[in-house]
Each structure stands twice: as C-alpha cells, then as structure tokens.
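# Residue-level structure breakdown
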Amino acid sequence: MELGLAGRRALVTGAGKGIGRATVQALHAAGVRVVAVSRTRADLDSLVRECPGVEPVCVDLGDWEATERALGSLGPVDLLVNNAGVALLQPFLEVTKEACDTSFNVNLRAVVQVSQIVARGLIARGAPGSIVNISSQASQRAITNHSVYCSTKGAMDMLTKAMALELGPHKIRVNTVNPTVVMTPMGQANWSNPQKAKTMLDRIPLGKFAEVENVVDAILFLLSDRSGMTTGSAVPVDGGFLAS
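Every value quoted in this text rests on a predicted model; they were computed, and no experiment measured them.

For the rest of this paragraph, the subject is the overall build of the chain. Scanning the chain for helices and strands turns up eight helices and seven strands. For a compact globule of 244 residues, the expected C-alpha radius of gyration is about 18 Å, and the chain comes in at 17 Å, within 12% of that figure. Considered along the principal axes of its C-alpha atoms, the chain spans approximately 50 × 40 × 40 Å. Here the chain holds 244 residues, and 48% of them are scored as buried.

Dropping the structure here:
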C-alpha cells in the first residue's frame with residue numbers, strides 16, 4: 001500500500017530506541033524529513049549515522065522550559081508521533097511522588113506540550129496534519145505493579161479523544177496506537193522473567209508479544225491519508241489481549 005508520506009516533515013519523540021527509533025527509520029525510508037527527539041545524545045548520533053538527513057534534537061521532555069526552548073522554533077511539522085515514555089513499575093502501596101511526577105510529566109504532560117507546538121504551527125499555516133500518540137493495552141486493563149503507568153496511558157487515551165474533538169475542525173487527526181508488550185529494550189527489561197511473561201502471554205489469543213514493526217506499521221497507516229476518516233480512535237496492536 002502506497003502511503004504517500006514522501007516530502008512531509010515529521011517529529012518523533014522518544015526516537016533514540018525501540019518503537020521511536022524504528023519509526024524514524026521507516027519514515028526516513030519513505031522519504032519523510034524527520035526531526036528525531038531524544039534525551040540521549042549517543043542514541044541520536046548513531047541514528048543520524050544510520051539515517052543521514054534526520055534532524056536530531058536532544059532534550060528531556062520532562063522539562064517544560066527546556067522543551068519549549070528546543071522545539072518552540074522548530075518550523076513547520078506535518079506529522080507528529082508522541083512516543084517518548086517511561087515505565088516505572090512499583091506496587092501501588094510503594095508508589096513514590098518521584099515516580100508519579102516523572103511518569104505524568106513524560107507520558108502525558110509532554111504530549112500536551114509537544115502537540116500544542118505542532119498543532120499551533122499547522123493551524124497557522126492552514127495545513128492538515130496527523131498526530132499519533134503511543135499508548136498501551138495498559139490504558140484499558142489493570143496490570144499488577146503498573147498503577148502509575150496504567151493511569152498515564154488511560155489519561156493519554158482520553159486526551160487523544162479531546163484533542164481529536166478540538167483539532168478536527170482544523171483538519172488535524174489524532175489517534176493512539178495501543179500495543180501489548182513489545183520486544184524493545186524497555187519491554188525486555190520489564191518482561192524478561194518467564195513466569196511474569198507467561199501470565200501475560202496466556203491472556204493473548206495469538207500467544208505472542210508484538211514485534212516493533214507491528215507497531216510501526218500501525219503508526220505509518222495512521223499518519224497517512226489512508227486513514228483520512230480515522231480520528232479519536234485507539235488502535236490495538238495486542239494480539240487480541242483486549243478481546244480476552
């Protein structure tokens with residue numbers, strides 16, 4: 001399927017590793033001009049070597065003022081992938097203020113801020129756009145030791161619907177992709193225990209975790225005009241977990 005993304009300019013957060021990095025690589029291969037945002041300089045340096053022409057921006061999205069300085073004068077952006085996220089796993093009774101603050105600042109507040117920057121630019125230009133927020137199956141199902149993470153992703157899903165409602169008249173679409181466990185470095189770190197992994201795999205009808213490319217394919221579809229009538233939606237990439 002031809003997605004017709006060539007020539008557009010995209011911003012991808014959390015671009016240093018995992019889903020974000022693979023999204024940058026796929027967009028670059030499709031002829032998209034990509035701005036890659038990460039807090040880790042070494043990841044950006046290696047990404048630029050792999051994908052010449054990618055514009056790197058090194059900033060911690062948990063810092064509102066630093067993000068404004070880094071992205072406030074970025075120029076026109078047509079497509080946005082809000083992928084940056086943290087998963088700080090703690091039993092509910094042991095959740096700390098620091099875990100709450102960091103999780104909500106990165107997983108939710110940064111989505112508000114970066115989306116505002118991009119959407120304001122699109123509206124000023126009178127241009128259509130697409131925003132894809134990377135959520136999780138954990139937005140809709142409780143998972144042990146994930147109380148804060150689940151909460152941030154549930155909030156992201158509702159934020160996405162509110163954004164779609166308000167930005168739709170400006171021809172800006174907003175959707176989420178909601179994966180199951182994905183075999184990224186973060187996924188491997190949190191789900192490497194075979195017994196823990198089995199409890200999740202037993203609830204997935206397809207019997208396996210997602211690969212990064214499964215998620216990237218959904219992201220590219222939602223960025224493209226092929227999904228031109230889709231907004232305010234959550235697209236599961238979960239092997240049927242949410243149906244179980």
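Next comes the rest of the write-up.
Turning next to helix α5 (residues 147-167). Relative to the 30 Å expected for 21 residues at 1.5 Å per residue, α5 spans 30 Å between its end C-alpha atoms, a close match to the ideal helical length. Every buried residue of α5 is accounted for by Val148, Tyr149, Cys150, Thr152, Lys153, Met156, Asp157, Thr160, Met163, Ala164 and Leu167.

So, on to the sheet that holds strand β1 (residues 9-13). Spatially, seven strands are ordered β3-β2-β1-β4-β5-β6-β7 in an open sheet, and the strand pairing comes out parallel. In the strand order of this sheet, the two ends are held by β3 (55-58) and β7 (234-237), each with one partner. Pairs of neighbouring strands in the sheet enclose a mean axial angle of 15 degrees, with direction left out of account. The pairing of β1 with strand β4 (residues 79-82) spans three bridges and is classified as parallel. Paired with Leu11 across the two strands is Leu80, which belongs to β4.

This brings us to helix α2 (residues 41-50). Of all the residues in α2, the buried ones are Asp43, Leu44, Ser46 and Leu47. Buried positions in α2, seen along its axis, are confined to an arc of 165 degrees and lie on one side of it. Away from its buried face by more than 90 degrees, α2 exposes Ala42 and Arg49. Looking at the packing, one finds that the buried side of α2 touches α1 (18-29), β2 (33-38) and β3.

Glancing now at the pairing of β1. A large share of β1 lies buried, amounting to five of its five residues. Regarding the hand of the β-α-β motif, the stretch spanning β1, α1 and β2 is right-handed.

Viewed as axis vectors pointing N to C, helix α3 (residues 64-71) and helix α4 (residues 97-125) meet at an angle of 25 degrees, and their least axial separation amounts to 11 Å. By the angle between their axes, α3 is roughly parallel relative to α4. Here the hand of the crossing between α3 and α4 comes out right-handed. Across from Trp64, Thr67, Glu68 and Leu71 in α3, the residues of α4 making contact are Arg109, Gln113, Val114, Gln116 and Ile117. Among the residues forming the contact of α3 with α4, the class breakdown is four nonpolar, three polar and two charged.

Attention now goes to the environment of Gln113. Checked against the element boundaries, Gln113 lands in helix α4. Separated by 45 residues in sequence, Gln113 and Glu68 have C-alpha atoms that sit 8.1 Å apart. Not counting residues up to four positions away in its chain, the partners in contact with Gln113 are Trp64, Thr67 and Glu68.

Conventions and cut-offs
- Residues numbered from 1 in each chain as written.
- Predicted model: local features only at pLDDT ≥ 70, side-chain atom pairs only at ≥ 80, totals over all residues.
- Heavy atoms only, no water.
- Helix = DSSP H or I, 4+ residues; strand = E, 2+ residues; numbered from the N terminus.
- Rg over C-alpha atoms; globule rule 2.2 N^0.38 Å.
- Buried < 20%, exposed > 50% of the residue type's maximum accessible area, 1.4 Å probe, protein only.
- Expected span 1.5 Å × (residues − 1).
- Pairing = 2+ DSSP bridges.
- Axes fitted to C-alpha atoms, helices over the stretch in contact; angles between N-to-C directions.
- Arc of directions from axis to C-beta.
- Contact = heavy atoms within 4.5 Å.
- Right-handed = clockwise from strand over helix to strand, strands pointing away.
- Parallel < 35°, antiparallel > 145°, perpendicular 65-115°, else oblique.
- Left-handed = near helix turned anticlockwise from the far one by under 90°.
- Nonpolar A, V, L, I, M, F, W, Y, C, P; charged D, E, K, R; others polar.

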